[in-house]
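# Examining the three-dimensional arrangement
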Amino acid sequence: MDLSVQEKIDATLSEIRDPQSGVSLLEMGLVERIRYAQDQGRLTVVLNRLGRGKTCCSVLSLGMLADFESAMKKGLQERFPGCEIRFVDAAALKPEDRV
């Protein structure tokens, strides 16, 4: 992935924070990876909804997840105008797609 693309993604994830703990999405480990298909105009965000198992984020409510996804989508759309933003649950991926 192009460095400028990675920097935009990291900046977006660093800016979105849990209001109670102040921990960013990048630090939480909520995002396992992001695939950028520039030719298709699509960003696919692979979510690990259990985070990295840190106590502060091991169990996230559905409402919090929806808020994080909404904030991620908004932030990524601002940095990648016209891109389709899709969210995929890492647990739903086939083993061969997890690479």
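Let me begin by describing the structure that accompanies this report. (Residues numbered from 1 in each chain as written. Predicted model: local features only at pLDDT ≥ 70, side-chain atom pairs only at ≥ 80, totals over all residues. Heavy atoms only, no water.)

## What about helix H1 (residues 3-15)?
A rise of 1.5 Å per residue sets the reference length of H1, with its 13 residues, at 18 Å; its end C-alpha atoms lie 18 Å apart and thus fit the reference within 8%. Residues Val5, Ile9, Thr12 and Leu13 constitute the buried set of H1. The arc that holds the buried residues of H1, viewed along the axis, is 95°, so those residues lie on one side. Relative to its buried face, H1 has exposed residues pointing more than 90 degrees away, namely Leu3 and Glu15. (Helix = DSSP H or I, 4+ residues; strand = E, 2+ residues; numbered from the N terminus. Expected span 1.5 Å × (residues − 1). Buried < 20%, exposed > 50% of the residue type's maximum accessible area, 1.4 Å probe, protein only. Arc of directions from axis to C-beta.)

## Considering the pairing of strand E2 (residues 42-47)
Most of E2 is tucked away: five of the six residues are buried. Sheet topology note: the strand E1 (residues 31-37)/E2 ladder contains six bridges and is antiparallel. Following the sheet pairing, Ala37 is matched in E2 by Arg42. Between E1 and the antiparallel strand that follows it, E2, lie four residues; Gly41 among them carries a positive phi value of about 65°. (Pairing = 2+ DSSP bridges.)

## A short note on the sheet that holds strand E3 (residues 84-89)
Taken in spatial order, the three strands make up an open sheet running E1-E2-E3, and their pairing is mixed. Where the open sheet ends on each side, the last strands, each with one partner, are E1 and E3. Across the sheet, the mean angle from the axis of one strand to that of its neighbour is 20°, orientation sign disregarded. (Axes fitted to C-alpha atoms, helices over the stretch in contact; angles between N-to-C directions.)

## Some words on the packing of aromatic side chains
Aromatic rings considered in pairs are described by the distance between their centres and by the relative angle of their planes. Enumeration over the complete set of coordinates arrives at one aromatic pair. Both rings, one in Tyr36 and one in Phe80, keep their centres 5.3 Å apart while their planes meet at 50°; by these two values the pair is tilted. With Tyr36 in strand E1 and Phe80 in the loop between helix H3 (62-79) and E3, this residue pair connects regions lying 44 residues apart in the sequence. The aromatic ring of Phe80 is capped on one face by Lys8, whose charged end is 5.2 Å from the ring centroid. (Phe/Tyr/Trp six-rings, centres within 6.5 Å; stacked < 30°, edge-to-face > 60°. Lys NZ or Arg CZ within 6 Å of the ring centre and 35° of its normal.)

## Quick look at the nonpolar core
Nonpolar side chains tend to gather and get buried jointly when the protein is soluble and globular. With 20 residues, the main nonpolar core has Ile9, Leu25, Val45 and Met72 as its most contacted residues. Broken down by element, the residue count for this core peaks at four residues, all from H3. The contacts of Leu25, once residues within four sequence positions are left out, are Leu13, Ile16, Leu30, Phe68 and Met72. (Core = buried A, V, L, I, M, F, W, Y, C linked by side-chain atoms within 4.5 Å. Contact = heavy atoms within 4.5 Å.)

## Concerning the side chain of Thr12
Residue placement: Thr12 occurs in helix H1. Those residues within four positions of Thr12 in sequence are excluded, and the remaining contacts are Met72, Gly75, Leu76 and Arg79.

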